[in-house]
Amino acid sequence: MNSIIELPGDSWTQAVPAEAQDRAIDNLEEGRVLYFPHLAFALLPEEEAFLRPTWSSGGAKNIGFERETGKIWGVSGSETEKAALSQMLRRYADSTRELLLNLFPTYAASLMQARTSFRPIEIAGRSSSYRKDDTRLHVDAFPSRPTGGRRILRVFSNVNPEGKPRCWRIGEGFREYAQRFASRVASPIPASRFLLSLTGVTKGYRSLYDHYMLGLHDQGKLDSEYQRQSPQEPFAFPPQTTWMCFTDQALHAVDSGQYLLEQTFHLPRAALRRPELSPLTVLEEIVGRPLCARPR
Ligand SMILES: [Fe+2]
């Protein structure tokens, strides 16, 4: 299936040759995972204390951090410990941003940095509803945070200290997946998306695009036969490695792993080299109508 492309980079800060930039952007926009087996995010000695599941508070699966405001959530610990963990997440946020600017200079003017997260909980054996069950193949779509057509680009680094890989499966192409499930997504109830926004259930207006993306996410996860039978390629990302993909396009499932850093970025469709491959364009073709009045 060839859904994972290995890249040689081993530095967060070094300039990337033009040829390597081209290879990276083409594969990324075609929906592949870019894998950097030699790019580790090294923790400082004092940060190794954060490699324990008990830092996560109240059953939250992720610890979240917002670089712009310095806000951190989902963490238990003293104010001093929270500040130290924030510092680690800020370093990751800065490193991933620099990496992306080196790899994709044409994205620079439009790249929006969203949440940074630390995931200290083991995935395997964690029970959840089918919607939240990320061991089922899915593309990312957020019920409360509509993207309005913006892309979701995520960078991941395995920081596991016990040699445990992060085990993924990558599914078929976005077009095939969307063609299979789009007809099963019911049209939205009139005014419901406006009400969701008005009552604060969603942060902003849920566009038709967001409605369809959530529908694909749910319908795909619900279909147990599809989950068992559809083409899928397993891949184990070892500790001290980094990878990235458009998670709104690359169909993925996570079977196991513990201690992961993740940084989310958003990008408007207009910033892509090949906007025709974006989920927004592909879905508009399948559904036969515009899905965002003003794509963001
Ligand atoms: Fe996901």
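For the structure itself, look to the data block above.
Residues numbered from 1 in each chain as written. Predicted model: local features only at pLDDT ≥ 70, side-chain atom pairs only at ≥ 80, totals over all residues. Heavy atoms only, no water.

Where helix α3 (residues 174–181) meets helix α5 (residues 208–222), the axes come as close as 10 Å, and the angle between the chain directions of the two elements is 85°. Classified by the angle their axes make, α3 and α5 are roughly perpendicular. Each of Phe174, Tyr177, Ala178 and Phe181 in α3 lies in contact with α5, whose residues at this interface are Met213, Leu216, His217, Gln219 and Gly220. Its residues assigned to classes, the contact of α3 with α5 comprises six nonpolar, three polar and no charged. (Axes fitted to C-alpha atoms, helices over the stretch in contact; angles between N-to-C directions. Helix = DSSP H or I, 4+ residues; strand = E, 2+ residues; numbered from the N terminus. Parallel < 35°, antiparallel > 145°, perpendicular 65-115°, else oblique. Contact = heavy atoms within 4.5 Å. Nonpolar A, V, L, I, M, F, W, Y, C, P; charged D, E, K, R; others polar.)

Only His138 (NE2), Asp140 (OD) and His252 (NE2) from the protein reach the iron ion as donors, at distances of 2.2 Å. Positions of the donor residues of the iron ion, expressed as sequence spacing, correspond to H-x1-D-x111-H. You can call His138 buried: its relative accessible area is 2%. (Donors = N, O, S within 2.8 Å, 3.2 Å for Na, K, Ca; no water. Buried < 20%, exposed > 50% of the residue type's maximum accessible area, 1.4 Å probe, protein only.)

To continue, consider the sheet that holds strand β4 (residues 71–73). Read across the open sheet, the eight strands follow the order β1-β2-β9-β6-β11-β5-β3-β4; overall the sheet is mixed. Of all the strands in the sheet, just β1 (4–6) and β4 have a single pairing partner and so form its edges. When strand polarity is set aside, the average angle formed by the axes of neighbouring strands in this sheet is 20°. (Pairing = 2+ DSSP bridges.)

Spatially, β8-β7-β10 is the arrangement adopted by the three strands of the open sheet, whose pairing is antiparallel. Only two strands of the sheet have a single partner each, and these edge strands are β8 (233–237) and β10 (252–256). Neighbouring strand axes in the sheet, compared pairwise and without regard to direction, differ in orientation by 25° on average. Across four bridges, strand β7 (residues 166–170) lies against β10 in antiparallel orientation. Paired with Cys167 across the bridge in β10 is Ser256.

With that settled, consider the packing of α5 against helix α7 (residues 279–287). With their axes 11 Å apart at the nearest point, α5 and α7 run at an angle of 90° to one another. Considered as vectors, α5 and α7 are oriented roughly perpendicular to each other. Seen from α5, the contacting residues are Tyr209, Tyr212, Met213 and Leu216; seen from α7, they are Pro279, Leu280, Leu283 and Val287. Its residues placed into classes, the contact of α5 with α7 shows eight nonpolar, no polar and no charged.

Once that is clear, we can look at the state of the cysteines. Applying the stated criterion to the full structure yields zero disulfides. The thiol sulfur of Cys167 is not disulfide-bonded, and the nearest other cysteine sulfur, from Cys245, lies at 16 Å. (Disulfide = S-S within 2.5 Å.)

What follows is about the packing of aromatic side chains. In the structure shown here, the tally under the stated rule is 17 aromatic pairs. Arranged with centres 5.0 Å apart and planes meeting at 80°, the rings of Phe41 and Tyr92 form a pair that is edge-to-face. Placement of the pair is Phe41 in the loop between β2 (33–36) and β3 (63–66) and Tyr92 in helix α2 (residues 79–103), with a sequence separation of 51 residues. The exposure class of Tyr92 is buried, given its relative accessible area of 0%. In this arrangement the basic side chain of Lys71 is found over the ring face of Trp73, its NZ or CZ atom lying 5.3 Å from the centre. (Phe/Tyr/Trp six-rings, centres within 6.5 Å; stacked < 30°, edge-to-face > 60°. Lys NZ or Arg CZ within 6 Å of the ring centre and 35° of its normal.)

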